[in-house]
Amino acid sequence: MQHSPSATLLRTQGGVRATYAAFIATGFAFASWASEIPQVRDRLSLSSAELGLVLLAIAAGSVISLPLAGPVVARIGSLRTVQLMALVDAVALVVVGLGYLGGVVPVVVGLFLFGFGQGAWDVAMNVQGAVVERRVGRAIMPRFHAGFSVGTVGGALSGAALVGLGVGVTVHLVVVGVVVAAVVPFAVRGFVPDAEERAPEDGPAPERRSALAAWREPRTLLVGLFVLAFAFAEGTGNDWTSVALIDGYGTSRVVGILGFATFLAAMTAGRWFGPELLDRYGRVVVCRVMAAASVAGLLLFVFGGHPALAFAGAVLWGAGLSLGFPVGMSAGADDPAHAASRVSVIASVGYLAFLGGPPLIGFLGEHVGVLRALTAVAVLLAMAVAIAGSVRPLETDDPR
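In this report, the structure presented in the accompanying data block is examined. (Residues numbered from 1 in each chain as written. Predicted model: local features only at pLDDT ≥ 70, side-chain atom pairs only at ≥ 80, totals over all residues. Heavy atoms only, no water.)

Okay, the overall build of the protein chain next. Secondary structure summary: the protein chain contains 15 helices and zero strands in total. Relative to a compact globule of 400 residues, whose C-alpha radius of gyration would be 21 Å, the protein chain shows 20 Å and is just as compact. Considered along the principal axes of its C-alpha atoms, the protein chain spans approximately 65 × 45 × 35 Å. With 400 residues in all, the protein chain has 55% of them scored as buried. Contacts in the protein chain between residues far apart in sequence, at least 24 positions, make up 85% of those at least 6 positions apart. For the protein chain, the accessible surface area stands at approximately 15300 Å², while carbon and sulfur atoms represent 68% of it. Charged side chains in the protein chain number 25 positive and 24 negative. The centres of these two groups are separated by 2 Å. (Helix = DSSP H or I, 4+ residues; strand = E, 2+ residues; numbered from the N terminus. Rg over C-alpha atoms; globule rule 2.2 N^0.38 Å. Buried < 20%, exposed > 50% of the residue type's maximum accessible area, 1.4 Å probe, protein only. Contact = heavy atoms within 4.5 Å. Areas by Shrake-Rupley, 256 points an atom, 1.4 Å probe, with all protein chains shown as cover. Lys, Arg positive; Asp, Glu negative; His and termini not counted. Charge placed at Lys NZ, Arg CZ, Asp CG, Glu CD.)

So, about the packing of aromatic side chains. For the structure shown, the criterion picks out six aromatic pairs. Seen in terms of ring centroids, Phe23 and Phe144 are 5.9 Å apart; in terms of plane orientation they differ by 15°. Their pairing is stacked. Highlighted residues: Phe23 in helix H1 (residues 5–34) and Phe144 in helix H5 (residues 141–165), separated in sequence by 121 residues. We note that Phe23, like Phe144, is buried. For the cation-ring pair, Arg43 lies above Tyr100, with the distance from its terminal atom to the ring centre recorded as 5.4 Å. Geometry around Trp272 places Arg143 over its ring, the cationic atom sitting 4.7 Å from the centre. (Phe/Tyr/Trp six-rings, centres within 6.5 Å; stacked < 30°, edge-to-face > 60°. Lys NZ or Arg CZ within 6 Å of the ring centre and 35° of its normal.)

It is worth spelling out the environment of Ala229 at this point. Here Ala229 is to be found in helix H7 (residues 218–249). Measuring from C-alpha to C-alpha, the distance between Ala229 and Val379 comes to 8.6 Å, with 150 residues separating the pair along the chain. If we ignore the near neighbours within four places in the chain, the residues touching Ala229 are Leu380, Leu381, Met383 and Ala384.

Attention now moves to a nonpolar patch on the surface. A contiguous nonpolar surface patch, about 310 Å² in accessible area, is contributed by Ile64, Leu68, Val72 and Phe112. Broken down by element, the residue count for the nonpolar patch peaks at three residues, all from helix H3 (residues 48–99). Note on placement: Leu68 falls in helix H3. (Patch = residues over 30% accessible without salt bridge, like charges linked within 9 Å, V, L, I, M, F, W, Y side chains within 5 Å. Salt bridge = Lys/Arg side-chain N within 4 Å of Asp/Glu carboxyl O.)

Take the pattern of salt bridges next. A complete count under the given rule lists eight salt bridges for this structure. A salt bridge links Arg41 to Asp247; the nearest nitrogen and oxygen atoms lie 3.0 Å apart. You can see Arg41 sitting in helix H2 (residues 37–44) and its partner Asp247 sitting in helix H7, a full 206 residues away along the chain. Under the relative-accessibility criterion, Asp247 is labelled partly exposed at 42%. The salt bridge involving Arg271 is made with Glu234; its shortest N-O contact spans 3.0 Å. Linking Arg271 in helix H8 (residues 253–281) with Glu234 in helix H7, this pair joins segments that are 37 residues apart in sequence. Accessibility expressed as a relative area gives 6% for Glu234, which makes it buried.

Our next topic: the nonpolar core. One finds Trp33, Val82, Trp121, Phe226, Phe301 and Leu374 to be the most contacted residues of the largest nonpolar core, which totals 116 residues. No other element matches H3, which puts 15 residues into this core. Leave out the neighbours within four places in its chain, and Val82 touches Ala22, Trp121, Ala124, Met125, Val184, Val188 and Phe191. (Core = buried A, V, L, I, M, F, W, Y, C linked by side-chain atoms within 4.5 Å.)

Our focus in this paragraph is helix H12 (residues 339–350). With twelve residues, H12 ought to run about 16 Å at 1.5 Å a step, and its terminal C-alpha atoms sit 16 Å apart, in line with that. Burial analysis of H12 places twelve of its twelve residues in the buried class, the great majority of the element. Buried within H12 we find Ala339, Ala340, Ser341, Arg342, Val343, Ser344, Val345, Ile346, Ala347, Ser348, Val349 and Gly350. (Expected span 1.5 Å × (residues − 1).)

Our focus in this paragraph is the environment of Val391. Relative to the helices and strands, Val391 resides in the segment after helix H15 (376–386). Its relative accessible area of 0% is what places Val391 among the buried residues. Distance in space between the C-alpha atoms of Val391 and Leu113 is 31 Å, their sequence separation being 278 residues. Setting aside residues no more than four positions away along its own chain, Val391 makes contact with Arg219, Val223, Phe226, Arg283, Val284, Val327 and Ala331.

Glancing now at the packing of H2 against H7. Packing of H2 against H7 leaves a shortest axis separation of 9 Å and a crossing angle of 65°. Between H2, through Ile37, Pro38 and Arg41, and H7, the contact on the second element is made entirely by Asp239, Ser242, Val243, Ile246 and Asp247. Split by residue class, the contact of H2 with H7 holds four nonpolar, one polar and three charged. (Axes fitted to C-alpha atoms, helices over the stretch in contact; angles between N-to-C directions. Nonpolar A, V, L, I, M, F, W, Y, C, P; charged D, E, K, R; others polar.)

For H8, spanning 29 residues, the distance from its first C-alpha to its last is 40 Å, which sits close to the expected 42 Å at 1.5 Å a residue. Gly282 lies just past H8 and shows a positive phi near 90°.

Below, the discussion takes up the side chain of Ser322. Relative to the helices and strands, Ser322 resides in the loop between helix H10 (307–320) and helix H11 (324–332). Every residue in contact with Ser322, bar those within four places of it in the chain, is listed here: Met267, Gly270, Arg271 and Met290.

Printed below as a string of structure tokens:
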């Protein structure tokens, strides 16, 4: 059934709002957990290497769910997938909040569930983001990811406030879990259909391909590697910024969490203002320049020698890597007919960074300290600069 232009516009606007809600909510949930990492580490008496292995549980859950997410989204739609995974994440936060009192095992179980929910939720909301981006007709995917960053900033700041007030990990995470379960399934009801509605004169719908076909596409795999580099840089910042400030610079816990929030705020700003740069200069040039800026910020964070310079480095680090992940998602969804399968593959490859990142930084941290271990991020960002041409839009020969 065809809708009037005004009805279509209203549905698109509703889809934009609902997509923002999905990104903000998952960011808030993630950062609520991440803000409690130092407290969980201290309560469970974990070394840097042991903490890296515990954090690996999130990545393991995500890596299992991501390849499944494409077929699931294609079958039940992005709306129902996000609603279901929000409930999974809510349960996971409650399990972590309560299990943290009992030991490492329940925390690992809860984090695995959390990663499983986050992975499929991520694919579904990116597929929806690509749909509404095409409807709007301009680059807005980075702004949806800015919504994720807004959620992470809110989660980090509220976590810092609660730590400062002496509120326990259990109360914090259980309350966040309840809020996610109560709010998210209703907030995303405005999602638009994943498949474009077709008029009879448009001819038959394109033939469905096997969900595995995207795994044999060189461009899709290269975009996945590109996303992996930025995911590694982002995930390292999420997991280790506060710990690196506390251990490497001798700051308090609150200052460490505020450093984490600063990193997230810079990434949010980059994602909000980035679309204008993408529209003007193109994906390839912008991503290469910003990746180089992120490396510079990372080195300043590590070698600055003073917390104030580390905060300045966190700003440049976060802003510089802000566009890589959303641009990769947009590149995967350039062809609407295969968006779900390609986004699923790209996200699956990208999330390998979350699988390998936490233990790698943790083990390096045992030998050279967490702060110095962060320099490993620069290697992958250099790779991203080299293969940035893979994210060039499919529909244009524009050399940018």
